[in-house]
Amino acid sequence: NGGEGSGALGLAVGLKLVPHGTLATAAAGMLSVDGRCKTLDARANGYARTESVGALVIAAGVEALLLGGSAVRQDGRSASLTAPNGAAQRVLLLAALGRAGLAPSEAASVEAHGTGTALGDPTEAGAITAVHGGGREMPLAVGAAKASVGHSEARSGLGGLLQARRVLGDPVM
């Protein structure tokens, strides 16, 4: 299984107890001026910081039934924290598909990072299109939890996983 575990416990908490992070991201121009995360939208103007708590248990073998496959990868070299690397994103998508034993045209959905930024979302959409765009008989559903709940930063990956499971019909409490 590529060095990743067969079962997992995920727990993440994101609390904004002091203003320093919000002040820094606002000064860097990363926050949405209207407080809305407009993921994969032409009106995207930054992200909205949120607080959150999430937990998930995946038993051995259940991941393949519910999610198909997963992969872990750092985004690679880029111009800055806010400038994603499309090539690294394509490698990540192909690795997850490979672990699931799927061709890109066979995937039913993708849970995007989808921050709602004018640079990040088009880069991610381009990577998804490059990997999943050709030879599809059915449309690809692309979701992003941040469009509903904002960007919970350290907990965002778990939020995306919970959202993907919800979309696939797995009851999430």
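In this text, all values refer to a predicted model and were calculated from it rather than measured experimentally. (Residues numbered from 1 in each chain as written. Predicted model: local features only at pLDDT ≥ 70, side-chain atom pairs only at ≥ 80, totals over all residues. Heavy atoms only, no water.)

(A) Just the overall build of the protein chain, in detail. For the protein chain, the helix and strand inventory stands at 6 helices and 4 strands. Counted from the first residue to the last, the protein chain has its helices and strands arranged as β-α-β-α-α-β-α-β-α-α. Within the protein chain, the proportion of its 173 residues that are buried is 34%. When the accessible area of the protein chain is evaluated, it comes to approximately 9900 Å², of which 60% is carbon and sulfur surface. (Helix = DSSP H or I, 4+ residues; strand = E, 2+ residues; numbered from the N terminus. Buried < 20%, exposed > 50% of the residue type's maximum accessible area, 1.4 Å probe, protein only. Areas by Shrake-Rupley, 256 points an atom, 1.4 Å probe, with all protein chains shown as cover.)

(B) Geometry of the side chain of K38. Considering the arrangement of structural elements, one finds K38 in the loop between α1 (20–27) and β2 (52–58). Of note is the side chain of K38, whose polar atom sits 3.1 Å from the side chain of N45. (Polar contact = N/O pair within 3.5 Å; in protein donor to acceptor, adjacent residues only side chain to side chain.)

(C) Expanded view of the packing of helix α3 (residues 86–100) against helix α4 (residues 120–132). Running from N to C, α3 and α4 cross one another at 45 degrees; their axes reach a closest spacing of 9 Å. One way to sum up the angle between α3 and α4 is to call them oblique. With respect to the hand of their crossing, α3 and α4 are arranged in right-handed fashion. Here α3 contributes G86, Q89, R90, L93, L94 and L97 to the contact with α4, which in turn contributes T123, E124, A127, I128, A130, V131 and H132. Each residue belonging to the contact of α3 with α4 can be placed in one class, and the counts come to 7 nonpolar, 4 polar and 2 charged. (Axes fitted to C-alpha atoms, helices over the stretch in contact; angles between N-to-C directions. Parallel < 35°, antiparallel > 145°, perpendicular 65-115°, else oblique. Left-handed = near helix turned anticlockwise from the far one by under 90°. Contact = heavy atoms within 4.5 Å. Nonpolar A, V, L, I, M, F, W, Y, C, P; charged D, E, K, R; others polar.)

(D) Inspection of unusual backbone geometry at higher detail. Its identity as a non-glycine residue notwithstanding, L40 has a phi of 55 degrees, on the positive side. Inspection of the secondary structure puts L40 in the loop between α1 and β2. Its relative accessible area of 42% is what places L40 among the partly exposed residues.

(E) View of the nonpolar core. Formed by L93, L97, A107, V110, A112, A127, I128, V131, L140 and A144, the largest nonpolar core amounts to 10 residues. Sorting the residues of this core by element identifies α3 and α4 as the ones contributing at least two each. Ranked by residues supplied to this core, first place goes to α4 with 3 residues. If we ignore the near neighbours within four places in the chain, the residues touching A107 are L97, L102, H132, R136, M138 and L140. By size, the runner-up hydrophobic cluster in this structure holds 5 residues, among which are A12, L56, I58 and L158. (Core = buried A, V, L, I, M, F, W, Y, C linked by side-chain atoms within 4.5 Å.)

(F) A look at the environment of L94. Structurally, L94 is set in helix α3. Along the chain, L94 and V131 lie 37 residues apart, while their C-alpha atoms are 7.1 Å from each other. When residues no more than four places from it in sequence are discounted, the contact partners of L94 are P104 and V131.

(G) Molecular detail of α3. Over its 15 residues, α3 extends 21 Å from the first C-alpha to the last, a length consistent with the 21 Å expected when each residue adds 1.5 Å. Within the sequence span of α3, burial applies to G86, A88, Q89, L93, A96 and L97. Contacts from the buried residues of α3 go to β3 (109–111) and α4. You can read the cap of α3 off the contacts: a side-chain oxygen lies 3.0 Å from the backbone nitrogen of A87, and it is on N85. Within two residues after α3, G101 carries a phi angle of roughly 70 degrees, on the positive side. (Expected span 1.5 Å × (residues − 1).)

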